[in-house]
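In case you want the letters, here they are:
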Amino acid sequence: MSEGTLRVANLEVRGEGDRRLLAVPDLSITSGETVVIEGPSGAGKTTLLFAIAGLLDRAKGRVEWDGDEILARSARERAAFRRERLGLIFQEHHLFDEVGPLVNAGIAARYGSKANKRKAIVERARTLLQQFGIADDARSVASFSGGERQRIAAARALAHDPAVILADEPTASLDRANADRLISDLMGFARASGKTLIAVSHDRHLVEAADRRVRIVDGEIVSVPEGSVS
Ligand SMILES: Nc1ncnc2c1ncn2[C@@H]1O[C@H](COP(=O)(O)OP(=O)(O)OP(=O)(O)O)[C@@H](O)[C@H]1O
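Our subject in this report is the structure included herewith.

Here is what the cut-offs are and how they apply
Residues numbered from 1 in each chain as written. Predicted model: local features only at pLDDT ≥ 70, side-chain atom pairs only at ≥ 80, totals over all residues. Heavy atoms only, no water. Phe/Tyr/Trp six-rings, centres within 6.5 Å; stacked < 30°, edge-to-face > 60°. Helix = DSSP H or I, 4+ residues; strand = E, 2+ residues; numbered from the N terminus. Buried < 20%, exposed > 50% of the residue type's maximum accessible area, 1.4 Å probe, protein only. Lys NZ or Arg CZ within 6 Å of the ring centre and 35° of its normal. Contact = heavy atoms within 4.5 Å. Pairing = 2+ DSSP bridges. Axes fitted to C-alpha atoms, helices over the stretch in contact; angles between N-to-C directions. Near = heavy atom within 4 Å. Polar contact = N/O pair within 3.5 Å; in protein donor to acceptor, adjacent residues only side chain to side chain. Nonpolar A, V, L, I, M, F, W, Y, C, P; charged D, E, K, R; others polar. Core = buried A, V, L, I, M, F, W, Y, C linked by side-chain atoms within 4.5 Å. Left-handed = near helix turned anticlockwise from the far one by under 90°.

Concerning the packing of aromatic side chains
By the definition in use, this model includes one aromatic pair. Between F50 and F90, the aromatic rings sit 6.1 Å apart at their centres with planes inclined by 85°, giving edge-to-face as the arrangement. Of this pair, F50 sits in helix α1 (residues 45–52) while F90 sits in the loop between β6 (86–89) and α3 (101–105), and the two are 40 residues apart along the sequence. You can call F50 partly exposed: its relative accessible area is 24%. A relative accessible area of 30% means that F90 is categorised as partly exposed. Here R139 stacks its cationic end above the ring of F144, 4.0 Å away from the centre of that ring.

What to know about the environment of A153
For A153, the location among the structural elements is in helix α5 (residues 146–158). Between the C-alpha atoms of A153 and S201, which are 48 residues apart in sequence, the distance is 17 Å. Every residue in contact with A153, bar those within four places of it in the chain, is listed here: H93 and L95.

Some details on the sheet that holds strand β7 (residues 164–168)
If you walk across this open sheet you meet the six strands as β6-β7-β8-β3-β9-β10, and the pairing is mixed. At either margin of the open sheet sits one strand with a lone partner, and together these are β6 and β10 (220–222). The average angle at which neighbouring strand axes cross in this sheet is 25°, direction not considered. Sheet analysis places strand β9 (residues 212–217) next to β10, joined by three bridges and oriented antiparallel. Paired with R215 across the two strands is V222, which belongs to β10. Here α1 sits on the sheet in contact with β3 (34–38), β7, β8 (196–200) and β9, set at roughly 150° to β7.

A closer look at the site of the ligand
What surrounds the ligand is a group of 14 residues, the closest being S41, G42, G44, K45 and T47. Measuring from an oxygen atom of the ligand, one finds a backbone N or O atom of A43 at 3.1 Å. One nitrogen or oxygen atom from the side chain of K45 is found 2.7 Å from an oxygen atom belonging to the ligand. Residues that form the shell around the ligand fall into these classes: three nonpolar, seven polar and four charged.

Brief notes about the side chain of S201
By the secondary structure assignment, S201 is in the loop between β8 and α7 (204–209). Of the residues examined, S201 reaches a relative accessible area of 1% and is grouped as buried. Among the polar contacts made by the side chain of S201, one reaches the main-chain amide nitrogen of D203 at a distance of 2.9 Å. With residues near it in sequence (within four places) discarded, S201 still touches V36, I37, E38, E169, T171, L206 and V207.

Describing the nonpolar core
Formed by 35 residues in total, the largest nonpolar core has its most connected members in I89, L128, I152, L158, I165, L186 and L197. When residues of this core are traced back to their parent elements, those giving at least two are α4 (115–131), α5, β7, α6 (176–193), β8 and α7. Per element, the largest residue contribution to this core is seven residues, and it comes from α6. Contact partners of L197, with chain neighbours within four places excluded, come to E33, T34, V35, I165, L186, M187 and A190.

Here's the deal with the packing of α4 against α5
Where α4 contacts α5, the two axes come as close as 9 Å, and the packing angle between them is 145°. By crossing handedness, the relation of α4 to α5 is classed as right-handed. On α5, the residues touching R124, L128 and L129 of α4 are I152, A155 and L158. Taken together, the residues that form the contact of α4 with α5 break down as five nonpolar, no polar and one charged.

Take a look at the structure:
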């Protein structure tokens, strides 16, 4: 099986008061596929993304990445799995403001124990920053623009070479030009390197750029009419 294959079965997430937030009987995403999860506000899109990232303790059912089930694992094991296999990009990028782009993008190297692995992460971070048009600059990231900061966050998410990129509203805080630049950088990178990309987004340009849409309404996946963009 190629890396980055997702199989979800009987996934259910309940919130406070036992309210059902999400029920996904079956969802498969193949290695290298680019998918946008869309749907109305409050439908459960972020809940689905967080559940497949193993971020929700209360998720029940099966989430298998390349045949490895992650929901039955401890929180600590799931965190180790994420560090190794997933690259996460959020709307708010939470960079370390006082240091430069390379320290931020290569931050995973600080947590690695093996010197050759640490070196590879920093080298990849450097290449990704270049690819995403970020000058190799010592100035702190606080002085970079919003679009540049989000591209630095994308480089950070990819520097440890994960098979899967998960993004939650990655363009939501960007203007059109910067959003389009990020879409082009991310999609270009995912396609060129065969990564699976799954993004929650309302952004029509991102929806149109993806191979497939998964639409969620009231916590359930509904079918999407061919060719339509909501
Ligand atoms: N811990 C929780 N307990 C109870 N309800 C929750 C909890 N977490 C999220 N919810 C609710 O679950 C629903 C789905 O939330 P989610 O963030 O997944 O929606 P979304 O589709 O990503 O929405 P948006 O597009 O507005 O970000 C919402 O009604 C939200 O208020």
